[in-house]
Each structure stands twice: as structure tokens, then as C-alpha cells.
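# Survey of secondary and tertiary structure
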Amino acid sequence: MRIVHLISNWKWTGPVEPALNTAWQQSSDHEVLFLSGTAPDGQDSKIQPHVDSKGVSSRSGLHLSKHARFRANREDVRSLEALLRDFRPDIVHTHMENDHRIASAAVAKTDQGLLVRTAYDPGGLSGSLRTRRTVHRRLDGLILTSHKGQEETLRAYGGTPEGLSVAGKTCPLAMVEGGIDLHRFDPSRYDREEGRALLGLEPDHVAIGIVARVQSHRRFELLLEAFGAVVARHPQARLVVVGRGTHRQTLLMDPAVSMGIGDKVLAPGYLEGDRYPTALRGLDACLFLVPGSDGTCRALREQMALGLAPLVFPRDPLPEIVASGDCGMVVEESAEALEKGLEELVANPELREGLGKAARTAAEDRFEAKCQAEKVVAFYDQIMDVAAREGTAAS
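This write-up is about the structure you can find in this document. (Residues numbered from 1 in each chain as written. Predicted model: local features only at pLDDT ≥ 70, side-chain atom pairs only at ≥ 80, totals over all residues. Heavy atoms only, no water.)

What follows covers the nonpolar core. In this structure, L223, V265, L287, L338 and L342 are the most contacted members of the largest nonpolar core, which totals 36 residues. Looking at this core, the elements with two or more residues in it are β10 (206–211), α8 (220–233), β11 (237–242), α9 (248–258), β13 (285–288), β14 (309–312) and α13 (335–347). In this view, L338 contacts L222, L223, A226, L287, L289, L311, F313, V331 and E332; residues no more than four positions away in its chain are not counted. If you look at the next biggest cluster of nonpolar residues, it comprises 34 residues, including I180, L308, L318 and C327. (Core = buried A, V, L, I, M, F, W, Y, C linked by side-chain atoms within 4.5 Å. Buried < 20%, exposed > 50% of the residue type's maximum accessible area, 1.4 Å probe, protein only. Helix = DSSP H or I, 4+ residues; strand = E, 2+ residues; numbered from the N terminus. Contact = heavy atoms within 4.5 Å.)

Following this line, the structure appears as C-alpha cells:
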């Protein structure tokens, strides 16, 4: 099978990693091209080094900007038309709004390949007028990453869990939740004490970690309020914030210092390579409060794979990922509820151990990237069969 993946971005952000992981897993058995955006003048692509390191074939020359730009999109459609006629793919798989827009025009004009879209947003595929126009131009199969996203998409477009209603026709639908590299996040690969030393933790510290960009909408003010109350009763507690953010000082460290808990909040920043899973291995539990641009919430899945007990807010798709509490705690989005949940984790090692084991089991059962890629290929086969029966298969 010949497959083209498109991602309209040049930054390593949002759905880029799950999209590339899918392409990488598929490339061992299929002929795959991965196309990503061109960086602005004077900057280098943050995606291409990852593509090269995984040995996935790619081509340059398309703008593939995150947001629609008239001239750039028009040039991309012409370039993609030529590429599709040359490569003659069976599947053109899009992962963001603008690459779907570009590919829908190119595929509709050339009739080369069936167009698949993965919608990573917890709310599913947008029902906006612009997205509807793109969908009506071309969509042969839709993949969603959560059941809540599936529900919201069907509410917006109509149809059944098996098929979306598009321009009076049924477009096949699949639910494939986010996958991660379970080998990379295998807790047996990393030394816990090395991870604790990397973070500057003492033997008696109970470290609760959160992996997130420090941004105003991620509810750090609520987290600091709740943690401040907990650490007053449990001085061995430590909050570890892993991630970058231009407002880290003003949103995190300055408020922590003013609350008198600056020495209890550790901010190692963005950790690359094996330093990232090694540091996570040194934690005792984890938090995930507000989903970011990656609707699969990859960081939560990675921490669960490492056997960390998760505490989450009831924002979609977080309760679904932790099976509504079976392998993690779901607390209401308030300082009081968060404080109570944090205290339970800090004070109860048996609870942390039990939830951590359940989280690792859930990851093994549900999150393996290779299995998720196989499900995606099976969906390709399904829509190709549908197209063949309807006489609309690509020429």
C-alpha cells in the first residue's frame, strides 16, 4: 500500500508525534511518505530531524502552514497534485485542518488516493462552515481518538458510530485512541534513583509531577493553591513541573515563592532524550489537568505507561483515558477537590502503588503504537473496500 501523510506545521507540537509514529510503524510494511511544513526563513524544521531519525521517507517543497494562507495554499495544491500523480498513493492521510483543506482540493482534482482525516481534538471534527466545506469537497474516512469526540462529531454531522453523514453519503468512521512507544516508556528500563537524583529529590520526598507547558489556561493557579494547602500538612510533598513556557516565572515560580512554597516546587524545564523518561521514573504520581494541543494527551499516557498513578480533571478525554477512575483519580475542577485528591496520593503509598500498576496495565492493553497503527491500516482496507464496491476507488 502507498500512503502519504501530511501535517501542516513545522514545529514539534500537537498531533505531530502521533502522526509520525503512525507513519513510522506503517513504513515497515508499506511505502510511506511523510510531508510536513517548511520552516520560516532563518529557522530549521523541528519535525524533519525526527522524521529522519525514524527513517521515514519525506519530500520537501510544500509550505503546509498551520493556518490557511491563500497564496501558499494555492501553491501547495498544485505541488501536491504533481506529487500525487507521481506517487499514486492508495491513501492520503491528513492530520490537521489546513493540510486537510489542501489535500481535499488536490485529491478531488487528481482522484489519486482516498482521503483520510484524523481529528485529534477531544471534541472531534469541527462543525464549522470552513471545515464542512472541506469535508464536502473530499473525505473518504474519518478517525477519531476518543469516544467523546465521536459523540460530538456525530452530533454535528449526523450518522452512526460506523459512518458519518457527508453530502448525503456515509463516510466510514473509526475510533483509534492515541498510541505511544511502550518500549521507550517501560519502567524497567530506567533507574528510579537516577531519576530522583536528576530532579533533586530526597529519599523521603513524595513527588507529584505534571508535564505541561506553563500557560495561563492550564490552571496552575488552582494547582498551586491546592498544593500549598497539602504541603502545609505534608512537608515531604514536592510538585515537579516538566515543560517549557515563556510565562513559567510569572505563572509558576513567582506565585510559589510568594506563597512560601518556592522550595517545594521543582521546575526542571523541558527534558530531551532519555532524560525525560528517566526523570518521570523518579516521580511517585502524576497530574494531568487541562489537555493541550495534542488531544490524545500523550504525556498522560506516557506517565501511565511508566506506572505512575494519575490524577486528572474531568475534562474530555481525560476520564476516558483513565477509564473513569479504574486506573487513576478523577476529581472535580476546584481547589478543594484537587487538594483532597493530592493529599490522598501523598499520604497513601498503597493507593499510589495500586493505581500505578493499573495504569501500566491499561497502557499495555490500550496504548501500544504498533497496535494503533495496525488498526489504522485495517481502516484503510475498510474504506478501500467501500470505495471499490461503490466504484469510487482511486484510479
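Right, let's get into a positive patch on the surface. Judged by side-chain charge, K11, K46, K66, R213 and R244 come together as a positively charged surface patch. Looking at K11, the relative accessible area reads 43%, which means it is partly exposed. (Patch = residues over 30% accessible without salt bridge, like charges linked within 9 Å, V, L, I, M, F, W, Y side chains within 5 Å. Areas by Shrake-Rupley, 256 points an atom, 1.4 Å probe, with all protein chains shown as cover. Salt bridge = Lys/Arg side-chain N within 4 Å of Asp/Glu carboxyl O. Lys, Arg positive; Asp, Glu negative; His and termini not counted. Charge placed at Lys NZ, Arg CZ, Asp CG, Glu CD.)

All right, on to the packing of helix α1 (residues 16–26) against helix α15 (residues 369–390) then. It is at 9 Å that the axes of α1 and α15 come closest, and there the two elements cross at 80 degrees. Overall, the two elements α1 and α15 adopt an arrangement that is roughly perpendicular. Mapping the contact onto sequence places T22, Q25 and Q26 in α1 and A369, K370, A373, V376, V377 and Y380 in α15. (Axes fitted to C-alpha atoms, helices over the stretch in contact; angles between N-to-C directions. Parallel < 35°, antiparallel > 145°, perpendicular 65-115°, else oblique.)

If you walk across this open sheet you meet the 6 strands as β12-β11-β10-β13-β14-β15, and the pairing is parallel. Looking at strand neighbours, the two that pair on one side only are β12 (265–269) and β15 (329–330), the edges of this open sheet. Here α8 sits on the sheet and contacts β10, β11, β12 and β13; the angle it forms with β11, its principal contact strand, is near 160 degrees. (Pairing = 2+ DSSP bridges.)

Turning next to the sheet that holds strand β3 (residues 57–58). Taking strand neighbours across the sheet as the criterion, the 9 strands line up as β3-β2-β1-β4-β5-β6-β9-β8-β7 in an open arrangement whose pairing is mixed. Here the strands that pair on one side only, and so sit at the sheet edges, are β3 and β7 (159–160). The sheet contact formed by β7 and strand β8 (residues 163–166) spans 2 bridges and is antiparallel. Bridge pairing in β8 places T160 opposite G163.

Bringing the environment of P319 into the picture now. Looking at the secondary structure, you find P319 in helix α12 (residues 318–321). For P319, a relative accessible area of 15% puts it in the buried group. Sequence separation between P319 and V331 is 12 residues; the distance between their C-alpha atoms is 9.5 Å. Excluding its chain neighbours within four sequence positions, the residues that come into contact with P319 are F313, P314, S324 and V330.

Any pair of aromatic rings gets described here by the distance separating the centres and the angle formed by the planes. Following the criterion strictly, the structure yields 1 aromatic pair and no others. Summarising the aromatic geometry, the rings of F185 and Y276 are spaced 6.0 Å apart at their centres and angled 85 degrees between planes, so their arrangement reads as edge-to-face. With a gap of 91 residues between them, F185 in the loop between β9 (169–175) and α7 (192–199) and Y276 in helix α10 (residues 275–281) connect regions that are remote in the sequence. The burial state of F185 is the same as that of Y276; both residues are buried. The ring of Y157 carries the charged tip of R132 above its face, separated from the ring centre by 4.5 Å. Over the face of the ring belonging to Y270 we find R244, whose NZ or CZ atom lies 3.9 Å from the ring centre. (Phe/Tyr/Trp six-rings, centres within 6.5 Å; stacked < 30°, edge-to-face > 60°. Lys NZ or Arg CZ within 6 Å of the ring centre and 35° of its normal.)

Taken residue by residue, helix α5 (residues 129–137) has T131, T134 and V135 as its buried positions. The buried residues of α5 all sit within an arc of 100 degrees when viewed along its axis, so they share a single face. Exposed positions of α5 whose direction lies more than 90 degrees from the buried face are L129, R130 and R133. The elements touched by buried residues of α5 are α4 (97–110), α6 (147–157) and β8. (Arc of directions from axis to C-beta.)

Structurally, H100 can be placed in helix α4. Those residues in contact with H100, other than ones at most four positions away along the chain, are T94, L115, R117, T134, V135, R138 and L139.

Attention shifts here to helix α11 (residues 298–305). For α11, the tally of buried residues reaches 8 of 8 residues, placing the bulk of the element in the interior. Those residues of α11 that fall on the buried side of the exposure criterion are R298, A299, L300, R301, E302, Q303, M304 and A305. Where α11 terminates, the next one or two residues include G307, which has phi positive at roughly 85 degrees.

This next bit is on the packing of α8 against α13. Direction vectors running N to C along α8 and α13 enclose 45 degrees, while the axes themselves pass 8 Å from each other. One way to sum up the angle between α8 and α13 is to call them oblique. Taken as a pair, α8 and α13 cross one another with a handedness that is right-handed. Side by side, α8 and α13 meet where L222, L223, E225, A226, F227, A229, V230 and R233 of the first sit next to A335, L338, E339, L342, E343 and V346 of the second. (Left-handed = near helix turned anticlockwise from the far one by under 90°.)

The pairing of β11 with β12 spans 3 bridges and is classified as parallel. By the bridge assignment for β12, V242 is matched with G269. Handedness of the crossover joining β11 and β12 through α9: right-handed. (Right-handed = clockwise from strand over helix to strand, strands pointing away.)

The peptide bond linking D316 to P317 adopts the cis configuration, its omega dihedral lying at 0 degrees. Tracing the backbone through its elements, the reader meets P317 in the loop between β14 and α12. One non-glycine residue with positive phi stands out, namely R88, at about 50 degrees. Inspection of the secondary structure assignment puts R88 in the loop between α3 (70–87) and β4 (91–94).

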